[in-house]
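Listed below are the residues making up each chain.
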Amino acid sequence: MRLYNTMSRTKDEFEAGPVVALYVCGVTPYDTTHLGHAFSYAAFDVLIRTLRYLGHEVRYTQNVTDIDDDILKRSKSIGVPWDELGREQTELFQRDMSDLNVLPPTHYPRATEEIPGMVGMIQQLVEQGNAYQVGSQVYFAAATAPNFGMLARLPREEMLKRFEDTGDSPNNPEKRDKLDFLLWKGSGEGEPSWDSPWGAGRPGWHIECSTMAVRYLGPRIDIHGGGDDLIFPHHSCEIAQSEQATGQAPFSRIWMHNGVARLDGVKMSKSLGNLVMVRELLGRFSPDAIRLYLLRHHYRDSFDYDEKELVRAANDAALLQRRVEKIGADDDVTVDSDQLPQGVKVARRLCIAALVDDLNTPDATRAMMELATIDGDEAGIILRQLAGVMGLRLRRS
Ligand SMILES: [Zn+2]
């Protein structure tokens, strides 16, 4: 399989072992799922299904950032306790994902249940001289990590700007270097806090993912994924912390990043409020229609939401479903690969070849549509199999 690796900026050959360790950054649960989330998690879901189809076991960890400035802000503004808000929103997110037929992760850790591990990793970084304490805060000393920011390849000024945008001000006078970032912060009045050697407080966002990835998948993982807005600072900081704490590198062999969903040319974001919600779409379209629509965009390409395309996808999903219903044979019948008609073989080969070429789902869905035009039970059975790799149920709803 070839996967585009943000670290090398090329499509790298990914030699998968029997077990593939995958980590994908999860949501901050304070507002329900929008189309950008669905785009990202559906893409990684197809990656997992493709690897399984090829005979690999996938150990998949996705975290929940259930303590965060945004959650606390939202909790205050709507008057719901922060932990209750996080629980509720996590459940809604999980329901949206399961409706979209996104397979649940093997491990689904919540940041608030992993605090001791985070404290342990920070302590180690402090002891090793990679981090330092100022009052109730602890900062990671970026200069102690060789090639800090290599994943992002950004000029220093741009890195500083992105730290500012993500609430880790470079101009904070406590920092020895402007690129240093928070590992632990003292809690404000009335804010939730946990005990630590540096006083009551809570972990920074980046150390959460490092700790959970290493705990559940080990010091060296195969694939780390997330939205391309996470390349800096989040993933760059994760690399620095994890590699310094474990003494092993690379933290991840492949870094995969997906593009964003836009509305009228503007990135969908909670802060702008220009969101297309998955729950709303599920009221009007089938999960298969939404998935097919999303998978017609390559995961690395950002795209504009277009309802006309979604309607077309709904028609095509219905066509695929009708085609599969025409299969005369028993549901669990297996077909002899060597005996398949030529056209069926070609369509299957094209579909799988597209998926193993950096998850080219637009080409894979085209091959599926082609397969649907071929008569005979074999074509229908292989179509159903490939639809399963794409996460389409093709059942009457
Ligand atoms: Zn993360």
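Residues numbered from 1 in each chain as written. Predicted model: local features only at pLDDT ≥ 70, side-chain atom pairs only at ≥ 80, totals over all residues. Heavy atoms only, no water.

Another aspect to go through is the overall build of the protein chain. Along the protein chain, the regular secondary structure elements total 13 helices and 13 strands. Relative to the 2.2 N^0.38 estimate, which gives 21 Å for 397 residues, the radius of gyration of the protein chain is 23 Å and therefore close to what a compact globule would have. Reported as C-alpha extents along the three principal axes, the dimensions of the protein chain are approximately 70 × 45 × 35 Å. Looking at the protein chain as a whole, 54% of its 397 residues are labelled buried. Long-range pairs, those at least 24 residues apart, make up 76% of the contacts in the protein chain between residues at least 6 apart in sequence. When the 45 positive and 58 negative side-chain charges of the protein chain are each reduced to one mean point, those points stand 3 Å apart. (Helix = DSSP H or I, 4+ residues; strand = E, 2+ residues; numbered from the N terminus. Rg over C-alpha atoms; globule rule 2.2 N^0.38 Å. Buried < 20%, exposed > 50% of the residue type's maximum accessible area, 1.4 Å probe, protein only. Contact = heavy atoms within 4.5 Å. Lys, Arg positive; Asp, Glu negative; His and termini not counted. Charge placed at Lys NZ, Arg CZ, Asp CG, Glu CD.)

Turning to a negative patch on the surface, a few remarks are in order. On the surface, a cluster of negative charge is made up of Asp83, Glu84, Glu88 and Glu91. In this structure, Glu91 sits in helix H3 (residues 82–99). (Patch = residues over 30% accessible without salt bridge, like charges linked within 9 Å, V, L, I, M, F, W, Y side chains within 5 Å. Areas by Shrake-Rupley, 256 points an atom, 1.4 Å probe, with all protein chains shown as cover. Salt bridge = Lys/Arg side-chain N within 4 Å of Asp/Glu carboxyl O.)

Our focus in this paragraph is the coordination of the zinc ion. Protein-derived coordination of the zinc ion comes from Cys25 (SG), Cys209 (SG) and His234 (NE2), at a distance range of 2.0 to 2.1 Å. Here the donor residues of the zinc ion are spaced in sequence according to C-x183-C-x24-H. In this pair, Cys25 sits in the loop between strand E3 (19–24) and helix H1 (35–53) while Cys209 sits in helix H6 (residues 205–217), placing the two residues 184 residues apart along the sequence. Since its relative accessible area comes to 7%, Cys25 is described here as buried. (Donors = N, O, S within 2.8 Å, 3.2 Å for Na, K, Ca; no water.)

When the domains of the protein chain are assigned, the result is domain 1 (12–267) and domain 2 (287–293 + 306–389). Each of domain 1 and domain 2 was reduced to a C-alpha centroid, and the two centroids are 35 Å apart. Across the contact, 15 residues belong to domain 1 and 13 residues belong to domain 2. Roughly 1200 Å² is buried in total at the junction of domain 1 and domain 2, and carbon and sulfur atoms are behind 71% of that figure. Of all residues in domain 1, Val46, Tyr53 and Leu100 give up the largest surface area on contact with domain 2, accounting jointly for 44% of the area buried on that side. Between domain 1 and domain 2 we count one salt bridge in total. Per element, the largest residue contribution to the side of domain 1 that touches domain 2 is nine residues, and it comes from H1. (Domains from an automatic or database assignment. Buried area = accessible area lost by both parts, 1.4 Å probe.)

Moving on: the packing of aromatic side chains. For any pair of aromatic rings, geometry is given as the distance between the ring centres together with the angle between the planes. Applying the stated criterion to the full structure yields 13 aromatic pairs. Where Tyr132 meets Tyr139, the ring centres are 5.7 Å apart and the plane angle is 35°; that geometry is what we call tilted. Of the two residues, Tyr132 and Tyr139, both sit in the buried class. With centroids separated by 5.8 Å and ring planes inclined at 55°, the aromatic side chains of Trp184 and Trp198 adopt a geometry described as tilted. Note that Trp184 is positioned in strand E7 (residues 181–186) and Trp198 in the loop between E7 and strand E8 (201–203), a separation of 14 residues in sequence. For Trp184, a relative accessible area of 0% gives the class buried. On the basis of relative accessibility, which here comes to 7%, the residue Trp198 falls in the buried class. One aromatic cluster is present, formed by Phe140, Phe148, Phe163, Phe181 and Phe232 through successive ring pairs. Positioned over the ring face of Phe163 is Lys175, at 5.8 Å from the centre of the ring. Sitting above the plane of the Tyr30 ring, Lys270 keeps its charged end 4.3 Å from the centroid. (Phe/Tyr/Trp six-rings, centres within 6.5 Å; stacked < 30°, edge-to-face > 60°. Lys NZ or Arg CZ within 6 Å of the ring centre and 35° of its normal.)

The next thing to look at is the pattern of salt bridges. Taken as a whole, this structure holds 24 salt bridges when the rule is applied. Arg156 is the salt-bridge partner of Asp177, the closest N and O atoms lying 3.4 Å from each other. Of the two residues, Asp177 is situated in the loop between helix H5 (156–165) and E7 and Arg156 in helix H5; the sequence distance between them amounts to 21 residues.

Turning to the pairing of strand E1 (residues 2–5), a few remarks are in order. As defined by bridge partners, E1 adjoins strand E2 (residues 10–13) across four bridges and the pair is classed as antiparallel. Within the sheet, the bridge partner assigned to Arg2 lies in E2 and is Glu13. The hairpin turn running from E1 into E2, its antiparallel successor, is four residues long, and Arg9 in that turn takes a positive phi close to 60°. (Pairing = 2+ DSSP bridges.)

Pairing in this open sheet of four strands is antiparallel, and the strands run E5-E6-E7-E8 from one edge to the other. For this open sheet the edge positions go to strand E5 (131–134) and E8, each flanked by a neighbour on one side alone. Across the sheet, the axes of successive neighbouring strands diverge by a mean angle of 20°, strand direction being ignored. Bridge analysis of E7 against E8 gives three bridges, and the strand direction is antiparallel. Across the sheet, Lys185 pairs through a bridge with Arg202, a residue of E8. (Axes fitted to C-alpha atoms, helices over the stretch in contact; angles between N-to-C directions.)

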